[in-house]
Amino acid sequence: MIRKKVDELNNWTYKELAEIYGIYDYKAYDKEITRFSLIGSPAESASERFKKLDNKLYDDILKEVGIYEKKYYTNSIMVDEESPLTAHEKIMYEQQFHSYLNAGIITHIWNAGIPKNGDYRSLAEYFIKLCKHTDIRYFTVSNIIVYCEECKKSYIGSKNETKCKYCGNEDIEMYSKITGYTQRVSGWNDGKLCEFKRRNEFKL
Ligand SMILES: [Zn+2]
């Protein structure tokens, strides 16, 4: 789990990051008889639990680096949810690490809504280019779906939604991807709820 802001990460080399993940000598290991797989883990509970434990043990350090209040560690190769990146910059940064892991790796484009002017064709062409010309293996546009308990309508909304855009009722439920799959947000643990609130909204 990487807990550094992206501007700090940009100064790290592949070697340093590979050492963090224990894959520094990956190519050498691959020649050995014993094979192994490296997977990215969702760690919905662990990312919160480890942070709670570290807050007790290392509160001074975490306050110094400015992440004491953050209730979780950001998963896997993902950049911090508040990092000031465009969707393209986030994809291009994270895709560099996809080839290091055999499974479980995912890049989220959070809360992007629908493409500008409803131009799905251009978006599809862009995604095809990504698949052809980058190392990205698995990516997803992870929108927030708002469901109204009153009028029973659903729509793509924002994390700040407080009432149904159709009938104005406040009895709404939000659904989003906790990691790789969609869940009711109100059922998430404190760490993931904190992450949900911190997730930037991207434009496509
Ligand atoms: Zn409604």
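Residues numbered from 1 in each chain as written. Predicted model: local features only at pLDDT ≥ 70, side-chain atom pairs only at ≥ 80, totals over all residues.

Draft legend 1. Up close: the overall build of the chain. In terms of regular secondary structure, the chain is built from 8 helices and 6 strands. Seen in sequence order, the chain has helices and strands lined up from the N terminus as α-α-α-α-α-α-β-α-β-β-β-β-β-α. Burial status across the chain gives 21% buried among its 204 residues. Considering only intrachain contacts with a sequence separation of at least 6, the fraction spanning at least 24 residues in the chain is 64%. (Helix = DSSP H or I, 4+ residues; strand = E, 2+ residues; numbered from the N terminus. Buried ≥ 20, exposed ≤ 12 C-beta atoms within 10 Å, placed from the backbone. Contact = placed C-beta atoms within 7 Å.)

Draft legend 2. Representation of the pairing of strand E4 (residues 154-157) within the structure. In this sheet, E4 lies alongside strand E3 (residues 144-148) in antiparallel orientation, the contact comprising 4 bridges. Its bridge partner lying in E4, Ile145 is registered against Ile156. From the end of E3 to the start of E4, which pair antiparallel, there are 5 residues, and Lys152 there has a positive phi angle of about 65 degrees. (Pairing = 2+ DSSP bridges.)

Draft legend 3. Fine view of the confidence of the model for the chain. Counting all residues, the mean pLDDT for the chain is 83, and 79% of those residues have values of 70 or more. Across the chain, the element-wise mean pLDDT spans from 49 in helix H3 (residues 26-31) up to 96 in E3. Note that residues 29-35 has pLDDT below 50 and, in this model, 1 contact with residues that lie over four places away or in other chains. (pLDDT = per-residue confidence, 0-100.)

Draft legend 4. Seen up close, helix H7 (residues 120-133). Helix length check: H7, at 14 residues, gives a terminal C-alpha distance of 20 Å against a target of 20 Å (1.5 Å per residue), a fit within 8%. Little of H7 sits out of view: just 0 of its 14 residues are buried. (Expected span 1.5 Å × (residues − 1).)

Draft legend 5. Geometry of unusual backbone geometry. Although it is not a glycine, Asn111 adopts a positive phi angle of roughly 45 degrees. As for its placement among the helices and strands, Asn111 is situated in the loop between strand E1 (107-110) and H7.

Draft legend 6. Region of the structure containing the environment of Gly104. Mapped onto the fold, Gly104 is located in the loop between helix H6 (87-94) and E1. C-beta crowding within 10 Å serves as the criterion here: with 17 such atoms nearby, Gly104 is assigned to the partly exposed category.

Draft legend 7. Spotlight on the environment of Glu48. Following the sequence through the fold, Glu48 ends up in helix H4 (residues 46-57). Each C-alpha atom, one on Glu48 and one on Lys192, is 7.5 Å from the other, the two residues being 144 residues apart in sequence. When sequence neighbours within four positions are dropped, the list of residues in contact with Glu48 reads Lys71, Tyr72, Asn189, Asp190, Gly191 and Lys192.

Draft legend 8. Structural context of the packing of H4 against helix H8 (residues 190-198). Relative to each other, H4 and H8 sit at 100 degrees, their axes nearing to 8 Å. If you check the angle between H4 and H8, you find them roughly perpendicular. Touching Ser47, Glu48 and Lys51 of H4 are Asp190, Gly191 and Lys192, all from H8. Looking at side-chain class alone, the contact of H4 with H8 contains no nonpolar, 2 polar and 4 charged residues. (Axes fitted to C-alpha atoms, helices over the stretch in contact; angles between N-to-C directions. Parallel < 35°, antiparallel > 145°, perpendicular 65-115°, else oblique. Nonpolar A, V, L, I, M, F, W, Y, C, P; charged D, E, K, R; others polar.)

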